[in-house]
Amino acid sequence: MKPATFDYVRAESIEHAVTHLAAAEGDGKILAGGQSLMPVLALRLAQPSILIDINRIPGLASISQAGTGDLRIGALTRHRFLAGQHTHPLLAEAARWIGHAAIRTRGTLGGSLAHADPAAELPVVAAATSAAVLVTGPAGQRRVAAADLFTGTLQTSLADDELIEAVDFPAPTRWGFAEFARRHGDFGLVTVATAEVGGRLQVAIGGVAGTPLRPAATEEILAAGPLSTSRIAAAAAAAAEEIQPAADIHATAGYRRQLTRVLLARALSQAARGQRDAG
Amino acid sequence: MQVNFSVNGRREHLDVEPRRTLADALRDDLGLTGTHLGCEHGVCGACTILLDGEPARACLMLAVQADGCSLTTVEGLAGDDGQLHPLQKAFSRCHGLQCGFCTPGFLISALHLLSENPSPSREEIRAELSGNICRCTGYAGIVDAVRSAASELAATAG
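Since this is a predicted model, take the numbers as computed values, not measurements. (Residues numbered from 1 in each chain as written. Chains lettered and ligands numbered in written order. Predicted model: local features only at pLDDT ≥ 70, side-chain atom pairs only at ≥ 80, totals over all residues.)

### Section: the nonpolar core
In step 1: Among the nonpolar cores identified, the biggest contains 134 residues, and Ile54, Leu113, Val133, Val167, Ala193 and Leu264 of chain A are the most heavily contacted of them.
In step 2: Contacts of Leu113 of chain A, omitting those with residues within four sequence positions, involve Leu122, Pro123, Ala126, Val133, Leu149, Ile164 and Val167 of chain A. (Core = buried A, V, L, I, M, F, W, Y, C linked by C-beta atoms within 7 Å. Buried ≥ 20, exposed ≤ 12 C-beta atoms within 10 Å, placed from the backbone. Contact = placed C-beta atoms within 7 Å.)

### As for the interface of chain B and chain A
In step 1: Between chain B and chain A, the contact holds 22 residues from the first and 24 residues from the second.
In step 2: The set of elements that each furnish at least two residues to the side of chain B that touches chain A consists of strand S3 (48-51), strand S4 (54-57) and helix H4 (122-128) of chain B.
In step 3: Element by element, the count of residues in the side of chain B that touches chain A is highest for S4 of chain B, at 4 residues.
In step 4: Looking at the side of chain B that touches chain A, its residues break down into 9 nonpolar, 8 polar and 5 charged. (Helix = DSSP H or I, 4+ residues; strand = E, 2+ residues; numbered from the N terminus. Nonpolar A, V, L, I, M, F, W, Y, C, P; charged D, E, K, R; others polar.)

### Overview of the sheet that holds strand S11 (residues 175-180) of chain A
All names here are of chain A.
In step 1: Strand order in this open sheet of 3 strands is S11-S12-S13, and the pairing throughout is antiparallel. Two strands in the sheet have a free side with no partner beyond their single neighbour: S11 and strand S13 (200-206). The average undirected angle you get between the axes of adjacent strands in this sheet is 10°.
In step 2: As defined by bridge partners, strand S12 (residues 190-197) adjoins S13 across 7 bridges and the pair is classed as antiparallel. When the bridges of S13 are listed, Ala193 appears paired with Ala204. (Pairing = 2+ DSSP bridges. Axes fitted to C-alpha atoms, helices over the stretch in contact; angles between N-to-C directions.)

### Digging into the environment of Ile14 of chain A
Residues and elements named next belong to chain A.
In step 1: Among the structural elements, Ile14 can be located in helix H1 (residues 14-23).
In step 2: It is 9.0 Å that separates the C-alpha atoms of Ile14 and Gly137, two residues lying 123 residues apart in sequence.
In step 3: In contact with Ile14, not counting residues within four places along its chain, are Ile57, Thr136 and Glu165.

Right under this line is the structure:
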C-alpha cells in the first residue's frame, strides 16, 4: 500500500512541467491534488517513473473573465474554492457535491477533468455548459471542447505530454443540478446538470455511460418550446429511454433510468425557477 | 529530498524519499503516531490532519508536498499541560470511541467542522463527517460527542 519508487520534480512553470512530461516519454504523471492519483499509486495500479508536481506553479489557480464572456478557471483551482465562489453558481453547486471536505481541500478542477471518472461532477458540468479545455503540450496550447476531451471511462484525449492549464466555462442564463448518492459524499449513482448556453438548454448526465452523456433527443424536446411542467416531464421521460446504463453492484439499469428521469425533472424545474427569479 | 514544515506549532525538517506519504512521515519520521493508517488510499479518513487549517488526508499527500505548510495533528489538540480539548473530553464522555482507531481522524474533522459551523445539527454533523469511517460505534456516540463539544465550546466562548 505504499507507492513504488518514482522521481519527483516540483514544476516552476507550465513550460517546465511540459518539458519534464515530454522527456518522460509517456511514463510521467502530473501530480495536482492527488485525490485520484495517490490512491492509484498506493494500490500500484500505475507506476509512473516520474511525478511532476504542479501545485506550486504561480497563477494556475486564477479565475478571470475570458474574452468570450466565459469564466476562465485555472486547472489548479481547488474544489473547496469552486464550492465557495458565487461567480458561477452551477459550478459552486456541483463542487459542493464532490466527496468530502478533505478531498475538496486538495482536489482540483484540472485533476478531475483529466481523471475523467464517469460519475464525477465537474466533467458533467463541463459537458452541460460546452466548456472548452485549454490543453498545453510541447507544440503549444490547443482548445478542446469538453465533448472531445472525454473519450471513455477514465480516458481522455490528452496526449502523454500534455496537461490541462485552464477551462473556459460559459456562464449559463439558467441552470439546474441534481445528483443522487446513497451516502453523503459518495460518487453519484446518476448526476444531472442542465445549462442554458447560447439560448439553448443543454443536458449532461453522468454515471450512465463511460463519459458524460448529452441526450440529443431530450435536448430537441427542450428546444421545441418553453420550459413548462409538461415539457419537463416529457424531457425527463425521454432521457430515461435515451440512455443505455450499465447494471453494476450499485444499481440496476432500470434504477439508473428511474434516477435519470427523477433527477432531470428536478434539475429542469430548478432551471425553470431560476428564470422566474431573474425575471 | 529536504522538506520543512511545522506541526502543532513546532518546526520540523526532514530528508525523505519523494514517495514517502505525509502520513508515514508524521508517524515514522516524527514519531507522531496519532495519525492513523486505515486504508492508505483515501477512503477511511483515519489519517485526516489540518493543512494550513483545512482538513486533508495525509495518506494522499507526499511529505515533500507539505513544504512550508503548517500542520495540525491530533497530538496538537490537548493543551501543553495535557489538558484534553473539549472535543476529546466529549468523545470520552459520550462514548464516541471504542477501539479508537478512527478517532484521530474524527477529532480533526470535527475540529474543522466546529470552526466553520459552531452549532451544527445532527444531520449536518453526519454529512460533514461522512468522510470518516468507524467500524465500532455505529456513529451515534460520535454525533453526540460533537454536539456536546459544540455546546461546551459555545458556552465558554459566549
